[in-house]
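Examination of the molecular architecture
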Amino acid sequence: MNLIRFVFLFIISIGIGLLVGFYEIELSIFVFIPIVLGITVLIYLDQIISFLVLYFSRDMDRVEKFLYKQKHPYYTALLDITIGNYDEAYKKIERLKSWGRQQQMRALLKAALYLERNNISAAKRETEMIKNPEVRSYNYALIALMEIQWETYRIYKSKLKNKVFLYILEAEEEYKKGNMEKAEQLGNLAIKASKGLQKYLMLTSLARQRTKPNRESYF
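A word on the environment of Asn139
Counting through the fold element by element, Asn139 comes out in helix H9 (residues 133-146). Residues Asn139 and Glu126, spaced 13 residues apart in sequence, show a C-alpha to C-alpha distance of 9.8 Å. Residue contacts for Asn139: discarding those within four places in its chain leaves Ala111, Leu115, Thr127 and Ile130.

This is how it looks when you write it as structure tokens:
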């Protein structure tokens, strides 16, 4: 918390104390809860704004601005993977703890990193550790697509409900089959259906893929 916000909260706290004392306001649960919620919002305002922008904004300039401000290794590694800085990404992933919530972050990021590097066996190993069934099924479907295992791909794809994941997979499927026009249509649908960080990373990855002379995937 920066100094200005600390001073602001200190003044508010004094003000609430004076009001309660002067007007002899009874601090019932209906008064106390809004006060606590208001102070909590002020304390975590930066984090709340960052979360809303990174996961819900459709303004990509704003998302980029907030993403580059992030210091957490999850976000910095994710960005490095997307722009192709694989060695830097790996170093940042190793800074995450190997237990609790950060263990899942490690698995998600390592699976994404290995998929980018076409290390299928390592990607499978990390995907096995992912607890989220939607992400796990998406990863397995993508791996099956990379291995041209159509039946396995269809099985995992049928488990998905997330429209963006489905559009991405279908775009990759059409790209594998050489149907570039159809792949473009489905890729655009994926981008249109997404927002925040997911949309920004897709656009960044797509722009990088288009510069590759031996492009192997759509996104």
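Here the narrative resumes, following the displayed structure.
Remarks on the nonpolar core
Formed by 33 residues in total, the largest nonpolar core has its most connected members in Tyr138, Ile168, Leu169, Met202, Tyr218 and Phe219. Those elements giving two or more residues to this core turn out to be helix H7 (101-116), helix H8 (120-127), H9, helix H11 (163-176), helix H12 (180-193) and helix H13 (196-209). Top element by residues in this core is H9. It accounts for eight residues. Excluding residues within four positions of it along the chain, Tyr138 makes contact with Leu160, Phe165, Ile168 and Leu169. Formed by 22 residues, the second largest nonpolar core is a distinct cluster that contains Tyr74, Ala89, Leu96 and Leu113.

Side note on the packing of H11 against H12
At a minimum axis separation of 8 Å, H11 and H12 run at an interaxial angle of 165°. In terms of orientation, H11 lies roughly antiparallel with respect to H12. Both H11 and H12 take part in a crossing whose hand is left-handed. Between H11 and H12, the contacting residues are Val164, Tyr167, Ile168, Glu170, Ala171, Glu174 and Tyr175 on the first element and Met180, Lys182, Ala183, Leu186, Gly187, Leu189, Ala190 and Ala193 on the second.

Description of a nonpolar patch on the surface
A cluster of nonpolar side chains, contributed by Ile48, Phe51, Leu52, Tyr55 and Phe56, occupies part of the molecular surface with about 450 Å² of accessible area. Within the secondary structure, Leu52 is located in helix H3 (residues 45-56).

Here we look at the pattern of salt bridges
With the rule as written, the count across this model stands at 13 salt bridges. Linking Glu116 and Arg208 is a salt bridge whose minimum nitrogen-to-oxygen distance equals 2.7 Å. Taken together, the positions of Glu116 in helix H7 and Arg208 in helix H13 put the pair 92 residues apart, joining distant regions of the chain. In this structure Glu116 comes out as partly exposed when scored by relative accessible area, which is 25%. A salt bridge links Glu147 to Lys124; the nearest nitrogen and oxygen atoms lie 3.3 Å apart. In this pair, Glu147 sits in the loop between H9 and helix H10 (150-157) while Lys124 sits in helix H8, placing the two residues 23 residues apart along the sequence.

Reading guide: rules and limits
- Residues numbered from 1 in each chain as written.
- Predicted model: local features only at pLDDT ≥ 70, side-chain atom pairs only at ≥ 80, totals over all residues.
- Heavy atoms only, no water.
- Helix = DSSP H or I, 4+ residues; strand = E, 2+ residues; numbered from the N terminus.
- Contact = heavy atoms within 4.5 Å.
- Core = buried A, V, L, I, M, F, W, Y, C linked by side-chain atoms within 4.5 Å.
- Buried < 20%, exposed > 50% of the residue type's maximum accessible area, 1.4 Å probe, protein only.
- Axes fitted to C-alpha atoms, helices over the stretch in contact; angles between N-to-C directions.
- Parallel < 35°, antiparallel > 145°, perpendicular 65-115°, else oblique.
- Left-handed = near helix turned anticlockwise from the far one by under 90°.
- Patch = residues over 30% accessible without salt bridge, like charges linked within 9 Å, V, L, I, M, F, W, Y side chains within 5 Å.
- Areas by Shrake-Rupley, 256 points an atom, 1.4 Å probe, with all protein chains shown as cover.
- Salt bridge = Lys/Arg side-chain N within 4 Å of Asp/Glu carboxyl O.

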